[in-house]
Amino acid sequence: MDKPVDAALKARALKVIPNGMYGHESTRLLPAAFPQFFSRAEGAYIWDADGKRYLDFMCAYGPSLLGYRDNRVDAAAARQAELGDAMTGPAPVMVDLAETLVSMVDHADWAMFCKNGTDATSMAVMAARAQTGRRIVLMAEGAYHGAAAWCTPVPAGVVAEDRAWQRPYRYNDVASLEAAVAAAGDDLAAIIASPFKHDVFIDQELPDRDYAQRVRELCDQTGAMLVIDEVRAGFRITRDCSWSLVGVKPDLSCWGKSIANGQPISALLGADSCRKGAGDIYVTGSFWFAAVPMAAAIETLRILRETDYLEHMVLLGGKLRAGLDAAARRHGFALRQTGPVQMPLIMFEQDPDLRIGYAWTEEMLARGVYMHPWHNMFLCAAMTEADIDLAIAAAEEAFAAVAARLEKLVPSAMLMALLSAHAPEPVA
Ligand SMILES: Cc1ncc(COP(=O)(O)O)c(C=O)c1O
């Protein structure tokens, strides 16, 4: 696929941006055809810099929950922008938003606002340590909690001391959790967990009820804080904290990405059990109290409460999963589609080096559907049944195209090099 504008932007970027791009939106680990730059977005669609339109199953890696440029949210943001945004003190909407979140999220008695998910997870760890006066934090092996020195998945620039008081355990594995808690002794400050296992490159896993409840029990027994990192999955699973579905209330939960449908704001929500610790830490940022994203969040949350956005996404996700499975089988492929249907990860059986997944997502891209070969994807409420039909029709052709060139596929050299360089450390 010829993308002259994208190619020119990449060449210019290489000169003025390290590696031309960084972080999770870098296309370095995606098939070569994937465009790096996008000129606009609307509803469920994005347009690359060359003007090609895609049905977007990444939703900006989560922020687009209602669809891009939702006019209700944009109008609320515009009304606040008329009044003021970053000011010398917060606008009244800060209190309104805190009250709204506390009323929606059952475990929460208070809210603090910041900008990115990493701010919220970093604050959670600090608040837990301040509350308990202890150091050790248990984190599930392979889980992503952001990109600060304590949690970034790539070791460059990180020193061992940044992680000196972190210990791994295996998600959904009660024995490994109990062993890690026992080893932490009386120095356990917190256990942090994702709502479900949504690590890259491997099948997603919903939380076992026994595991989730054991996490809560162990925190209760030791006095440690339980933190749920909702940054990626928040309000895509339920309208409350995700672990309400397994009967567990955390002390802290971290939110970001979708809570203002794309406006930059994140939040740390907490119970009274961690109110003192949260009040004792010094955390802030020049843009953390900006009013426009807060107004956008209030409107987004109203829509979440008053519409069937979630049931709609679940319905479409189920249709997509069934349609892709059937189409794959017709062409001799077996898919592993894991996680909630509205946050699907799609991998191929017998594809250990992802060469089939790469080829298939490349074929999908050529047919106007943006899917990811190894990261969970996202549906948004702006998608329609017709969009899902379009995706399934594209998939039918893409499977056929991949089947026709199966023998000639080779793994991505870049992916192989990076995977071997950054293989996760095993849990002791
Ligand atoms: C589960 C989870 N936690 C934390 C983060 C960090 O959020 P941000 O990139 O907004 O800092 C992410 C980002 O993808 C995430 O998925």
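(A) Focus on the confidence of the model for the chain. When pLDDT is averaged along the chain, the result is 96; 98% of the residues meet or exceed 70. Across the chain, the element-wise mean pLDDT spans from 78 in helix α12 (residues 413-421) up to 99 in strand β4 (residues 110-114).

(B) Highlighting the nonpolar core. Core analysis: the largest hydrophobic core is formed by 114 residues, its most contacted members being Phe57, Phe235, Trp243, Trp360 and Met371. Both of domain 1 (4-61 + 308-395 + 407-421) and domain 2 (71-306) provide at least three residues apiece to this core. If near-sequence neighbours (up to four positions away) are discounted, Trp243 is found in contact with Tyr171, Ala193, Ser194, Pro195, Pro207, Tyr211, Ala212, Val215, Leu226, Ile228, Glu230 and Val248. Residues Met123, Ala124, Val125 and Leu268 belong to the second largest nonpolar core, which totals 25 residues.

(C) Molecular detail of the side chain of Ser194. Considering the arrangement of structural elements, one finds Ser194 in the loop between β7 (188-193) and α6 (209-222). Exposure remark for Ser194: the relative accessible area of 2% places this residue in the buried category. Ignoring any residue separated from it by four or fewer positions in sequence, one finds Ser194 in contact with Ala143, His145, Tyr171, Asp229 and Trp243.

(D) Broad picture of the site of the ligand. Residues in contact with the ligand, as listed here, are Asn116, Gly117, Thr118, Tyr144, His145, Gly146, His198, Asp229, Val231, Arg232 and Lys257. Side-chain polar atom of Asp229 to a nitrogen atom of the ligand: 2.6 Å apart, as the coordinates give it. One nitrogen or oxygen atom from the side chain of Lys257 is found 3.2 Å from an oxygen atom belonging to the ligand. Protein contacts shield 89% of the accessible area of the ligand, which totals 390 Å² for the unbound molecule. Broken down by class, the residue content of the shell around the ligand amounts to two nonpolar, six polar and three charged.

(E) Summary view of the packing of aromatic side chains. The tally for this structure, following the rule as stated, stands at 14 aromatic pairs. Relative to Tyr370, the ring of Phe34 lies with its centre 5.0 Å away and its plane at 70 degrees, an arrangement referred to as edge-to-face. Residue Phe34 is located in the loop between α1 (4-16) and β1 (38-42), and its partner Tyr370 is located in strand β13 (residues 369-370); the two are separated by 336 residues in the primary sequence. Grouping residues by exposure puts Phe34 and Tyr370 together as buried. An angle of 70 degrees between the planes, with centres 5.7 Å apart, marks the rings of Phe348 and Trp360 as edge-to-face.

(F) Seen up close, the side chain of Thr27. Residue placement: Thr27 occurs in the loop between α1 and β1. In contact with Thr27, not counting residues within four places along its chain, are Lys10, Phe34, Pro35 and Gln36.

(G) Spatial organisation of the pattern of salt bridges. Summed over all chains, the structure comprises 27 salt bridges. A salt bridge links Glu363 to Arg405; the shortest N-O distance between them is 3.0 Å. On the criterion of sequence distance, the pair formed by Glu363 in helix α10 (residues 355-366) and Arg405 in the loop between α11 (385-404) and α12 is long-range, its members being 42 residues apart. For Arg405, a relative accessible area of 28% puts it in the partly exposed group.

Reading the values: the criteria
Residues numbered from 1 in each chain as written. Predicted model: local features only at pLDDT ≥ 70, side-chain atom pairs only at ≥ 80, totals over all residues. Heavy atoms only, no water. pLDDT = per-residue confidence, 0-100. Helix = DSSP H or I, 4+ residues; strand = E, 2+ residues; numbered from the N terminus. Core = buried A, V, L, I, M, F, W, Y, C linked by side-chain atoms within 4.5 Å. Buried < 20%, exposed > 50% of the residue type's maximum accessible area, 1.4 Å probe, protein only. Domains from an automatic or database assignment. Contact = heavy atoms within 4.5 Å. Near = heavy atom within 4 Å. Polar contact = N/O pair within 3.5 Å; in protein donor to acceptor, adjacent residues only side chain to side chain. Areas by Shrake-Rupley, 256 points an atom, 1.4 Å probe, with all protein chains shown as cover. Nonpolar A, V, L, I, M, F, W, Y, C, P; charged D, E, K, R; others polar. Phe/Tyr/Trp six-rings, centres within 6.5 Å; stacked < 30°, edge-to-face > 60°. Salt bridge = Lys/Arg side-chain N within 4 Å of Asp/Glu carboxyl O.

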